[in-house]
Structure formats: structure tokens, C-alpha cells
Amino acid sequence: FPVTIDGADIFFVDFTPGNMARYGLVNAWDFSQMYFKTSVNSAIGASANGWCFSRDGLSLYYTSSATFFRKTMTTPWDITTLSAATSFSDSTYLGTTALTAMAVDESGQYLYGLTGAAARIFKYKMSTPFNITTATFYSHAYVEDITPDPLAGLFLSPDANLIFITDQTNDTLYKFVVNGG
């Protein structure tokens, strides 16, 4: 569940219909008190998986099956202004392997995808920052020391030198140091 950069709002998705809701936090970063702000029906696809926002709040990213999607907003974090989706699929390297999570680095130059049962991370370079339609394969790696559970969440440190992965069954958070970018 993404949180705005200032910690003032939190977002939730009901993945079955793809509805998204935005809640305000009474005190920044304090999840004990929140209030409803807005919601959007069918904001993302019904079979969508991992999702995230760009740091500036102007782009929403999510995955469905083996495809990455991006929707833009005219006002930062305002999900009621979501545009139609653009997409990117990698049939060469990813094939039909389902993505379970994704992330975009702060610079908007790199797009990461996580496959759940196959335990692999795919990295793509975007020639136009934040624009997934300009993504091309950069590299991939097997996630070592994890028995696929399957893997479910993917988060990057601000400098993208650390990758955090969560699983679906054991409620475990794994931390990996990225060597060589």
C-alpha cells in the first residue's frame, strides 16, 4: 500500500474489481487514524498485481500477468484524474511469466519486475524517464536464498542500491544489496 512522499495519504486497492481508494492520515505516517478521501472504480485492471506511484505522484504503475502498465494523473496523487493506460510487455526475456510486483527507481530511468514463483527480478531501462513505452531489457537476476513462496512485494531504497522483497506465505521481508547497479 503506497503512501504519499509526505506521509499524509495512503492508498489501497481491491484487486478483484481493481478499485482504488485514497485515505488521509490524521498525522503523517501514523496509520492508526485515517479518513476516507476518494475512490475510483476500476482504477487498475481486475487481475492487477504489484503497484506503485512515481515519487512525484504523477504516475501510477502496476502489473497484470506479464505486462507493465502506467497511468498518469494531471494532479499529483489525485487518482480521480487517472488517464488511460499505456503498457509494455517483454515477450523475449519475460515471456508469459507472471509478474507479482514492480518498482520504478526515483530517477524514472529503471523499471523492475518481480516474478513470484520463478524468483527472478527483471530490470529495464527507460530512455524517457517514467515512460514505460520506452523500456528495453537491461538485465535480470535470480533471487538467491529464497524458496519461492511465491514472492509478492518489491521495494527499492531511494538510491536503488537495496532491494526489499516480501513473500505471500511466511510474512518475511528480504533485503538484497545491488552490486553494479
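Keep in mind that this is a model prediction, so the values were computed, not measured.

Here is what the cut-offs are and how they apply
Residues numbered from 1 in each chain as written. Predicted model: local features only at pLDDT ≥ 70, side-chain atom pairs only at ≥ 80, totals over all residues. Heavy atoms only, no water. Helix = DSSP H or I, 4+ residues; strand = E, 2+ residues; numbered from the N terminus. Buried < 20%, exposed > 50% of the residue type's maximum accessible area, 1.4 Å probe, protein only. Contact = heavy atoms within 4.5 Å. Pairing = 2+ DSSP bridges. Axes fitted to C-alpha atoms, helices over the stretch in contact; angles between N-to-C directions.

Chemist: What's the story with the overall build of the protein in this structure? I'm lost.
Modeler: The number of helices and strands found in the protein is zero helices and 14 strands. Along its sequence from the N terminus, the protein presents helices and strands in the succession β-β-β-β-β-β-β-β-β-β-β-β-β-β. Burial status across the protein gives 46% buried among its 181 residues. Relative to all contacts within the protein whose residues are 6 or more apart in sequence, the contacts with residues 24 or more apart total 36%.

Chemist: Whenever I open this one, the sheet that holds strand S7 (residues 86-89) confuses me. Can you help?
Modeler: Either a parallel or an antiparallel arrangement is found when strands of a sheet pair, and the pairing is made through backbone hydrogen bonds. In space, the four strands of this open sheet follow the order S4-S5-S6-S7, with antiparallel pairing throughout. In this open sheet, the two edge strands, each paired with only one partner strand, are strand S4 (48-53) and S7. Pairs of neighbouring strands in the sheet enclose a mean axial angle of 20°, with direction left out of account. As defined by bridge partners, strand S5 (residues 59-64) adjoins strand S6 (residues 67-72) across six bridges and the pair is classed as antiparallel. Bridge pairing in S6 links Ser 64 to Thr 67.

Chemist: Whenever I open this one, the sheet that holds strand S10 (residues 120-126) confuses me. Can you help?
Modeler: Taken together, four strands build an open sheet; the order of strands is S8-S9-S10-S11 and the sheet is antiparallel. The open sheet has two edge strands, strand S8 (99-104) and strand S11 (135-142), and neither has a second partner. Direction aside, neighbouring strands of the sheet carry axes that sit 20° apart on average. In the sheet, S8 pairs with strand S9 (residues 110-115) via five bridges, with the strands oriented antiparallel. Residue pairing across strands places Ala 101 opposite Leu 114, the latter belonging to S9.

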